[in-house]
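Summary of the model geometry
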Amino acid sequence: MDVEELLNYKPKASIDESTNKSAERTDDGKRAKKRKLDLNTSVDSADAPPPLDEAGLKRLVLQFERRLLKNQEFRIKFADDPTKFMETEIELFAAIEELHCISTQPELFHTLIELKVVSSLMGLLSHENSDISCAVVRFLHELTDLDDNSDYDKVAPLLNVLIQNQIIAQLVANMGRLDESSKEESEGVYNSLAIIENLLDFRPKLAEDCQSLITWLLGRIKAKIPFDGNKLYACEVLAILLQSSEDNRKFLGSIGGIDVLLQQIAYIKRHDVSSSEEKEYLENLFDCLCSSLLLCSTNRKLFYEGEGIELMNLILKERKKEASGVMRMGAIKVINHLLNEDKGKDSILEECCNKFIEIYGLSSLFPIFLKPKIITAGEKKKETSFAIDDVEEHCCSIILALLKHSKPEAKKRVLSKFLENNLEKTERLVELHFKYAERLLKYDALIHKEKAIKAANDEEMDDEEIFLSRLTQGGLYVLQLIDHIILTVCKHRDTEIATNSQDQPSSSSSTGSSIKSKIVKLLNIHASSTVNHQRFIRNIMGEMAEEKDESERERIFKLIEEF
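Residues numbered from 1 in each chain as written. Predicted model: local features only at pLDDT ≥ 70, side-chain atom pairs only at ≥ 80, totals over all residues. Heavy atoms only, no water.

The next point concerns the overall build of the chain. On a plain count of helices and strands, the chain comes out with 29 helices and 0 strands. Out of the 563 residues in the chain, the part that is buried amounts to 52%. Surface accessibility of the chain: about 27,000 Å² in total, with carbon and sulfur atoms responsible for 48%. (Helix = DSSP H or I, 4+ residues; strand = E, 2+ residues; numbered from the N terminus. Buried < 20%, exposed > 50% of the residue type's maximum accessible area, 1.4 Å probe, protein only. Areas by Shrake-Rupley, 256 points an atom, 1.4 Å probe, with all protein chains shown as cover.)

Let us look at the environment of Leu481. Looking at where Leu481 falls in the secondary structure, it is placed in helix α25 (residues 476-491). Given a relative accessible area of 7%, Leu481 falls into the buried group. If we skip the residues at most four places from it in the chain, Leu481 touches Glu393, Cys396, Ser397 and Leu400. (Contact = heavy atoms within 4.5 Å.)

This paragraph deals with unusual backbone geometry. A positive phi angle, near 60°, is found at Lys116, a position not held by glycine. When you line up the elements, Lys116 lands in the loop between α5 (109-114) and α6 (117-124). Judged by relative accessible area, which is 61%, Lys116 ranks as exposed. If you check the backbone angles, Leu423 has positive phi at about 60° while not being a glycine. Relative to the assigned elements, Leu423 resides in helix α23 (residues 420-456).

Take the packing of α23 against α25 next. Between α23 and α25, whose axes approach to 9 Å, the crossing angle comes to 145°. Crossing hand, α23 versus α25: left-handed. Here Leu429, Leu432, His433, Tyr436, Ala437 and Leu440 of α23 lie close against α25, whose contacting residues are Leu476, Val478, Leu479, Ile482, Asp483, Ile485, Ile486 and Val489. Considered class by class, the residues forming the contact of α23 with α25 number 12 nonpolar, 1 polar and 1 charged. (Axes fitted to C-alpha atoms, helices over the stretch in contact; angles between N-to-C directions. Left-handed = near helix turned anticlockwise from the far one by under 90°. Nonpolar A, V, L, I, M, F, W, Y, C, P; charged D, E, K, R; others polar.)

All right, on to the pattern of salt bridges then. Pairing of side chains with opposite charge becomes possible as their charged atoms draw close. Within the structure shown, the criterion is met by 26 salt bridges. We note a salt bridge from Lys250 to Glu246, for which the minimum N-O separation is 3.6 Å. Placement of both Lys250 and Glu246 in helix α13 (residues 246-254) is noted, with a separation of 4 residues, approximately one turn of the helix. Lys250 gets classed as partly exposed once you look at its relative accessible area, which sits at 43%. Sharing partners across several salt bridges, the network here consists of Asp389, Glu392, Arg428, Glu431, Lys435 and Arg439. (Salt bridge = Lys/Arg side-chain N within 4 Å of Asp/Glu carboxyl O.)

Inspection of the secondary structure puts His394 in helix α21 (residues 381-405). Separated by 57 residues in sequence, His394 and His337 have C-alpha atoms that sit 8.7 Å apart. Those residues within four positions of His394 in sequence are excluded, and the remaining contacts are Ile332, Lys333 and Asn336. A polar side-chain atom of His394 sits 2.9 Å from a polar atom in the side chain of Asn336. (Polar contact = N/O pair within 3.5 Å; in protein donor to acceptor, adjacent residues only side chain to side chain.)

Mapped onto the elements of the fold, Thr144 is located in helix α7 (residues 130-144). For Thr144, the side chain forms a polar contact with the side chain of Asn198, separated by 3.3 Å. The residues contacting Thr144, other than those within four sequence positions of it, are Leu159, Leu162, Ile195 and Asn198.

For the rest of this paragraph, the subject is a negative patch on the surface. Judged by side-chain charge, Glu460, Asp462, Asp463, Glu464 and Glu465 come together as a negatively charged surface patch. One can find Glu464 in helix α24 (residues 463-472). (Patch = residues over 30% accessible without salt bridge, like charges linked within 9 Å, V, L, I, M, F, W, Y side chains within 5 Å. Lys, Arg positive; Asp, Glu negative; His and termini not counted. Charge placed at Lys NZ, Arg CZ, Asp CG, Glu CD.)

A few words on the packing of helix α3 (residues 54-77) against α6. Running from N to C, α3 and α6 cross one another at 40°; their axes reach a closest spacing of 11 Å. By the angle between their axes, α3 is oblique relative to α6. Once α3 is placed against α6, the crossing between them reads as left-handed. Contacts from Val61, Phe64, Glu65 and Leu68 of α3 reach α6 at Val117, Ser120, Leu121 and Leu124. Across the contact of α3 with α6, the residue classes tally to 6 nonpolar, 1 polar and 1 charged. (Parallel < 35°, antiparallel > 145°, perpendicular 65-115°, else oblique.)

Below, the discussion takes up the packing of aromatic side chains. Following the criterion strictly, the structure yields 5 aromatic pairs and no others. Note on Phe74 and Phe78: the rings are 5.6 Å apart at their centroids and 55° apart in plane angle, and the pair reads as tilted. The class for Phe74 is partly exposed, based on a relative accessible area of 25%. Consider the rings of Phe366 and Phe369, whose centres lie 5.8 Å apart with planes at 75°: the pair is edge-to-face. Here Phe366 and its partner Phe369 are both found in helix α20 (residues 362-370), 3 residues apart, which amounts to about one turn of the helix. Using a relative accessible area of 1% as the deciding quantity, one classes Phe366 as buried. For Phe369, a relative accessible area of 2% corresponds to the buried category. (Phe/Tyr/Trp six-rings, centres within 6.5 Å; stacked < 30°, edge-to-face > 60°.)

Before going further, it helps to spend a moment on helix α28 (residues 533-546). A rise of 1.5 Å per residue sets the reference length of α28, with its 14 residues, at 20 Å; its end C-alpha atoms lie 20 Å apart and thus fit the reference within 8%. Taken together, the buried positions of α28 are occupied by His533, Gln534, Phe536, Ile537, Ile540, Met541, Gly542, Met544 and Ala545. Against the buried residues of α28 lie α23, α25, α27 (515-525) and α29 (550-562). (Expected span 1.5 Å × (residues − 1).)

Now for helix α15 (residues 276-293). It helps to recall that an α-helix has 3.6 residues per turn; residues three or four apart then point in one direction. A rise of 1.5 Å per residue sets the reference length of α15, with its 18 residues, at 26 Å; its end C-alpha atoms lie 26 Å apart and thus fit the reference within 8%. Among all positions in α15, only Glu278, Tyr281, Leu282, Asn284, Leu285, Phe286, Cys288, Leu289, Cys290, Ser291, Ser292 and Leu293 are buried. Backbone geometry just after α15 places Leu295 at a positive phi near 55°.

Next up on the list: the confidence of the model for the chain. In this model, the chain carries an average pLDDT of 84, and 83% of its residues clear a pLDDT of 70 or more. Mean pLDDT values for the elements of the chain range from 36 in helix α2 (residues 13-25) up to 96 in helix α11 (residues 211-222). Scored below 50 in pLDDT, residues 1-46 shows 84 contacts in the model against residues more than four places distant or in partner chains. This model gives residues 500-512 a pLDDT under 50, and the stretch forms 25 contacts once residues within four places in sequence are excluded. (pLDDT = per-residue confidence, 0-100.)

Bringing the environment of Lys317 into the picture now. Relative to the assigned elements, Lys317 resides in helix α17 (residues 308-317). Between the alpha carbons of Lys317 and Ser364 there is a distance of 6.0 Å; along the sequence they are 47 residues apart. The contact partners of Lys317, leaving out residues within four places of it in the chain, are Ile359, Tyr360, Ser363 and Ser364.

This is the structure we're talking about:
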């Protein structure tokens, strides 16, 4: 029986009055939701009640406990006649709604803990009437969802008690029995996911023991029901769990999660998306795949066997549909994570590199390498430059991985790309070097000034923080990728890499000019009194080599010597 039927049931006048009061108080707009989704409640909004004091809260808690006990007694006594305990159900629902006023007064949360109300509320999550359990979930969501960070310390003890009572496991069990075709129960799922997200923000380590939650989330994502806000939220929470724990990534693969994610992306590719929520859902799917593939060879193998590389390559070639920008951005990001090095080169990494080249992935990759804007068209103007930087990083990382890990015949096809069309890809490579070298030099100048200011005040800057900021904000990481590619392509002679490219049969190869001589010529053109770019590249790569293991360090130093 849903809430409206309960509220309309009138065994006597006093019950009718209490239910009307609870309906007026229920959803008064106090909750600051993180996103506005179409999950309507069945209760009308009203003015916020006056603030409670501790004595008033104790009276509400006492009333709640009495009605809970009465409901339990009547359910046992009249188990075969629901009409006999329906009145107590209405009273219990109203008592839970009465407690909502405390959600705006975190200074009183300690009283809830002292009165041991949390354990009673947790017990109601498994109540036979799903309207009661959803009312509890809605109340707990309000308690855990605070906009004002200044109240965080006051909420922490309550969150700790919820965690001790295994709230995530209980929420998962409750979500498993809810019917989302009902608006109230659909809202119950949404509020449950919001509580879980709040708890993960509070204590990230909770993500390490969420296998039952991952199973439910995966089932919710692949459920064949119309797209809604809960599907979006489920995918978002799954992305958080996968980013936080290597065990979660392995578990996802073990229960068929890689195939589920690929199937969802393939479905969207066929049907396109029609709203911003669906685009966000698609981005979350790609984020889940990226997290699952990074540094996890078992999931790479599942992705490889599930023809994930073929799907990503098809997406990279797609240009017509409305969401092609989002799709292609996600696909190139996934390929980058797939080909990213683990603690050492493994067989599946080599197979993935070779497969990408065999299915003509180079003909999809290099046009994006030349003109990143072709997949950033859907980005906002303010975010376009950041998106282009991301695309350039992904492209360079993929190219470097292909040069390092593919078999010799496939590697020649990558190298030959830098000879095509009068060495246009070689020119683009040097252009990127100048872009990120200039960015790093400017950033280093800012760091130098900041160091001087701090030194004047007898302060020091943390060397590790400086290094990390140079890698990210200063563009050092992308510059290392670019310069690594430069050294690698300069190592080979044109006669060694000239081949009949099957990726672009119509393109002409120019073997009259050496790749290395072209690069050196371009570097010299832009040489200045302050920067010798050949020496600059050697210094950048020399610094990077020092951070590597012995075999990789020797390989890089050999490339530097040959350059």
